[in-house]
Amino acid sequence: MKPRSSKPTKTVIDYALDRLHSLGVGHVFGVAGDYNLPVLDHVHAHPEVKWIGTASELGAAYAADGYSRTRGFGALLTTFGVGELSAINGVAGSYAERVPLLHIVVGPTQASEHAGLVAHHTMGDGDFDRFARAHRQVVCADAVLRPSNAVTEIDRILAICLRESRPGYLRVPRDVALSAVPSHEPPALSREWAVDHDNLEAFRRAAGTRLAAADTVVVLADFLVDRFKARAELADLLQAGTVPHAVLVAGKTVVDESASGFLGLYAGAMSTKRVRAAVDKADLLIRAGVLLADMSTGKFTHRFDPDAGIDLGPFSARVDGVTFPNVPLAAALAVLADLIGGPAKTQGRAAPPRKAHSALSATSTPYDAPAHRLGLCRSLRPLTQSYLWEAVGGVIRPDHIVVADNGTSLLGVTDRRFPSGAKFIAQPLWASIGYSLPALLGAQLADPYRRGVLIIGDGAAQMTVQELGTIARHRLKPIVILVNNHGYTIERITHGLRAEYNDISHWRWSKMPSALGVSQPLIMKVRTQAALDRALARATATTHRFVLIEVFTSRFDVPPALKRIALKRPDKARWVA
């Protein structure tokens, strides 16, 4: 444990770090800059929080996001102007996907502000709040700290971040960050959401009536269950009557995918026929933390009525369009679990139908069934997207944390059933390619007992590959599956099948880990089915080395989910709405 600074008084930055640590934060990501250097001395000296210097501020924001999704809260610290603007794209993604974190920006001193100096990293016009105003569009709360308000504002911003499950922003002049704060007992920071008990009981009555009238009941779960800490309540509901259930792409692994009632991935026309029929034709669809977005619904090809059924949001519940405010997600799920599994079952309310259990995903295979059991003559068979994702899904283990980038990587791996305990991270709503590589860094540091599995395309990897150096510096040993399909295949299928703008430079990926500081990497190139099976088996057995598997697929080949929706469209080569 690092010794605490010998300074007799606590500073504003010390207080902020203490408060972050109380939320489970043990690492702060960022890039050093001259405005924040003296502040970083305090980060370095903090006994519980470790500084993680990244290759770029964008990488720091993505890493803090992955860290928060794994640990529950994240933080990054950047320099004023150039640094914070480099990070803003990552912070915007956290806002869109309801990921709580704190962005601390250290800037020029108050004296520089008051004098209106033409300081570097500014626009030269004396406006020092310009970039704070820009961040106001992508955070749930923001403040400029002064000695008189620093403590109360830090606590206020953190409290709002917790309640909204979104990022917050603090601009701190360097002298304010290093100023002393009075000794006091800080208030507790709570994640609890207020419940209107009258509305909760009204919801119970409405939901009970709706359940009683339903012949078939299906649950559709999404990522807000995770963000608003309702996993346990969702599990109770699903177990109360062995309720058939599916997930949207962003909600993968919010439920136990090995359970008998798990149907699979629902994505509108990208779904398998069985999953789509179970969800779209249910008499009562219970939506838990669902956000109906284009990527998660196969470009809005879902067929259920979003105004019908039971819809549970973060702060309110709806039954057939009637809203019950201040009924948080966890509380509403607990009510439904009681209605389905409790005494109401014997009072004529319909339990979920057993027949719906037959709608298990036909594309899923158990995680311990390796692809070589399929009995194919694979030694010379070229690798296809279909075979790739079946094989990758077959080697995922309960202690893996899988991070997938947008494109064919995401659409391919989410179709596979994961074992109980495995964790999945992706960014399908904000959909910023390159996100996954730094997010893996953050997730691995947040939970070092899991092994990271990164699945990323060659185009996305070119965006943020420099963070492999940060991964190497901290001696992390993930498995990286890099899909080399010579450009932006997902864009080719969307528009411009052979257009030059969907091409990228061909990199020598096998040289990249060593060039970026990875010690003794295990590098494998895969072009056939048999070679993939061998590589995956060796990768999972090699836990003491960084592993890169470069897999080569056709630039026009796509995962089964994308083929399903393409075949339903007139041009058979597009999936745009």
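Residues numbered from 1 in each chain as written. Predicted model: local features only at pLDDT ≥ 70, side-chain atom pairs only at ≥ 80, totals over all residues. Heavy atoms only, no water.

> Would you take a moment to explain the pairing of strand β18 (residues 522-526) for this structure?
Two faces make up the sheet, and in a regular strand the side chains alternate between them. On β18, burial follows the alternation: Leu522, Met524 and Val526 on one face are buried, whereas Ile523 and Lys525 on the facing-out side are not. For β18 and strand β19 (residues 547-552), the ladder comprises five bridges, and the chain directions are parallel. Paired with Val526 across the two strands is Val551, which belongs to β19. Crossover connection from β18 via helix α21 (residues 529-541) to parallel β19: handedness right-handed. (Buried < 20%, exposed > 50% of the residue type's maximum accessible area, 1.4 Å probe, protein only. Helix = DSSP H or I, 4+ residues; strand = E, 2+ residues; numbered from the N terminus. Pairing = 2+ DSSP bridges. Right-handed = clockwise from strand over helix to strand, strands pointing away.)

> Explain the layout of surface pockets here, please?
In this approach, a probe sized like a water molecule rolls over the atoms, and the result shows the empty space that is left. Considering only enclosed or pocket space, the largest pocket measures out at about 380 Å³ in volume. Residue lining of the largest pocket: 23 residues in total, with Asn406, Gly407, Ile433, Ile490 and Glu491 positioned closest to the centre. Every element with two or more residues in the lining of the largest pocket is listed here: α15 (408-413), α17 (458-464) and α19 (489-494). Here the lining of the largest pocket gets four residues from one element, more than from any other, and that element is α19. Classifying every residue of the lining of the largest pocket gives nine nonpolar, ten polar and four charged. (1 Å grid on protein atoms, 1.4 Å probe; cavity = no way out; pocket = protein on both sides within 12 Å on 5 of 7 lines; lining within 4 Å. Points joined across faces, edges and corners; volume = space filled by probe spheres on them. Nonpolar A, V, L, I, M, F, W, Y, C, P; charged D, E, K, R; others polar.)

> What exactly am I supposed to notice about the packing of helix α1 (residues 12-22) against helix α7 (residues 150-164) here?
Two quantities define a packed helix pair, namely the angle between the helix axes and the distance between the axes. Between α1 and α7, the shortest axis-to-axis distance is 10 Å and the interhelical angle comes to 25°. By the angle between their axes, α1 is roughly parallel relative to α7. The handedness of the crossing between α1 and α7 comes out as right-handed. Counting all contacts with α1, which are made through Val12, Tyr15, Ala16, Arg19 and Leu20, the residues of α7 involved are Ala150, Val151, Ile154, Asp155 and Leu158. (Axes fitted to C-alpha atoms, helices over the stretch in contact; angles between N-to-C directions. Parallel < 35°, antiparallel > 145°, perpendicular 65-115°, else oblique. Left-handed = near helix turned anticlockwise from the far one by under 90°. Contact = heavy atoms within 4.5 Å.)

> Quick question: what am I supposed to make of unusual backbone geometry here?
Phi is mostly negative for residues that are not glycine, and the peptide bonds are mostly trans. One non-glycine residue, Arg98, adopts positive backbone phi at about 55°. In this fold, Arg98 is placed in the loop between α4 (82-96) and β4 (101-107). The phi angle at His486 is positive, at roughly 60°, despite the residue not being glycine. With respect to the element layout, His486 can be found in the loop between β17 (479-484) and α19. Given the relative accessible area of 23%, His486 is considered partly exposed.

> I tried to follow the sheet that holds β17 on my own but got confused; where do I start?
Whether parallel or antiparallel, the strands of a sheet pair through hydrogen bonds between backbone atoms. Ordered in space as β15-β14-β16-β17-β19-β18, the six strands form an open sheet in which the pairing is parallel. Only two strands of the sheet have a single neighbouring strand rather than two, namely β15 (423-425) and β18. Going across the sheet, the axis of each strand differs from the next one's by a mean of 15°, ignoring polarity. The pairing of strand β16 (residues 451-457) with β17 spans five bridges and is classified as parallel. Among the inter-strand pairings, Leu454 is bridged to a residue of β17, identified as Val480.

> Please explain the side chain of Ser179 as it appears in this structure.
On the secondary structure map, Ser179 appears in the loop between α8 (174-177) and α9 (197-212). Looking at Ser179, its side chain comes within polar contact range of the main-chain oxygen of Val176, at 2.7 Å. Discounting chain neighbours no more than four positions away, the residues touching Ser179 are Lys10, Thr11 and Val12. (Polar contact = N/O pair within 3.5 Å; in protein donor to acceptor, adjacent residues only side chain to side chain.)

> Would you explain the confidence of the model for the chain in this entry?
Segments scoring low in pLDDT should not have their predicted coordinates read at a detailed level. Of the residues in the chain, 90% reach a pLDDT of 70 or more, and the chain-wide mean stands at 90. Segment residues 343-374: pLDDT under 50, and 74 contacts once partners within four positions in sequence are set aside and those in other chains are kept. Contacts of residues 569-577 to residues separated by more than four positions or lying in other chains number 20 contacts, the stretch itself having pLDDT below 50. (pLDDT = per-residue confidence, 0-100.)

> Please explain the environment of His544 as it appears in this structure.
Tracing the chain through its elements places His544 in the loop between α21 and β19. Separated by 507 residues in sequence, His544 and Leu37 place their C-alpha atoms 35 Å apart.

> Help me understand the packing of helix α11 (residues 231-240) against helix α13 (residues 329-341) in this model?
Closest axis-to-axis distance for the α11/α13 pair is 8 Å, and the angle between their directions is 15°. Comparing the axis directions of α11 and α13 gives the class roughly parallel. In the packing of α11 onto α13, the handedness of the crossing is left-handed. The segment α11 lies against α13, with Glu233, Leu234, Asp236, Leu237 and Ala240 engaging Ala330, Leu333, Ala334, Leu336, Ala337, Ile340 and Gly341. Taken together, the residues that form the contact of α11 with α13 break down as nine nonpolar, one polar and two charged.

> Can you walk me through the sheet that holds strand β11 (residues 310-312) in this structure?
Overall, mixed pairing links the seven strands, which are arranged β9-β8-β7-β10-β11-β12-β13 in an open sheet. On the outer flanks of this sheet lie β9 (262-265) and β13 (322-325), each paired with one strand and no other. Pairs of neighbouring strands in the sheet enclose a mean axial angle of 15°, with direction left out of account. Here strand β7 (residues 217-221) runs beside strand β8 (residues 245-247); their pairing, made up of three bridges, is parallel. Among the inter-strand pairings, Ala221 is bridged to a residue of β8, identified as Val247. Along the sheet, helix α12 (residues 273-280) contacts β7, β8, β9 and β10 (284-288); its crossing angle with β9, the most-contacted strand, is approximately 110°.

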